[in-house]
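Observations on the model geometry
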Amino acid sequence: MSQETPKQELDITHNQDAERFEVAIDGQIGYISYQERGDTLIYDHTIVPQALGGRGVGSALVKHALDYAREHNKKVVPQCSFVSSYINQHPDYQDLV
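Residues numbered from 1 in each chain as written. Predicted model: local features only at pLDDT ≥ 70, side-chain atom pairs only at ≥ 80, totals over all residues. Heavy atoms only, no water.

**Things to note about the sheet that holds strand β3 (residues 28–37)**
One open sheet accounts for five strands, arranged β1-β2-β3-β4-β5; its pairing is mixed. For this open sheet the edge positions go to β1 (13–15) and β5 (75–78), each flanked by a neighbour on one side alone. Pairwise comparison of adjacent strand axes, ignoring direction, gives a mean angle of 30° for this sheet. Across six bridges, strand β2 (residues 20–25) lies against β3 in antiparallel orientation. Across the sheet, the residue bridging to Arg20 is Ser33, located in β3. Lying on the sheet, helix α2 (residues 81–89) is in contact with β3, β4 (40–47) and β5; it crosses β5 at an angle near 120°. (Pairing = 2+ DSSP bridges. Helix = DSSP H or I, 4+ residues; strand = E, 2+ residues; numbered from the N terminus. Axes fitted to C-alpha atoms, helices over the stretch in contact; angles between N-to-C directions. Contact = heavy atoms within 4.5 Å.)

Structure, rendered in structure tokens:
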């Protein structure tokens, strides 16, 4: 008997050279990029190819990036409107801003 998972577990990697968290699905790459300024991470772009839209990829990337900031005691500047919107919808991340 197999159980279906509601969402596919995404394998998000931290590409430190490119300063971004990324995920590859079906040959497409979605990512959230950042700039590191001391103890602050400026999340500036969330890019999800149209082919991957509607699958929760962007939200998964933002959640991963925010969890990373929390684990590393970093503050977050949500320059990207998608990140800002995500934080507004998930008040448990407000303390990072």
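**Let's talk about the nonpolar core**
For soluble globular proteins, the rule of thumb is that nonpolar side chains tend to be buried together. With 24 residues, the main nonpolar core has Phe21, Ile32, Tyr43 and Leu66 as its most contacted residues. Of all the secondary-structure elements, those providing two or more residues to this core are β2, β3, β4, α1 (57–71) and α2. Looking at which element gives the most residues to this core, the answer is α1, with seven residues. (Core = buried A, V, L, I, M, F, W, Y, C linked by side-chain atoms within 4.5 Å. Buried < 20%, exposed > 50% of the residue type's maximum accessible area, 1.4 Å probe, protein only.)

**Looking at the packing of aromatic side chains**
One pass over the full model with this rule turns up four aromatic pairs. Seen in terms of ring centroids, Tyr34 and Tyr43 are 6.4 Å apart; in terms of plane orientation they differ by 80°. Their pairing is edge-to-face. Exposure class is identical for Tyr34 and Tyr43. Each is buried. Each residue in the set Phe21, Tyr34, Tyr43 and Tyr68 is aromatic and connected to the rest through ring pairs, giving one cluster. The residue whose ring lies beneath Arg20 is Tyr31, and the NZ or CZ to ring-centre distance is 4.0 Å. (Phe/Tyr/Trp six-rings, centres within 6.5 Å; stacked < 30°, edge-to-face > 60°. Lys NZ or Arg CZ within 6 Å of the ring centre and 35° of its normal.)

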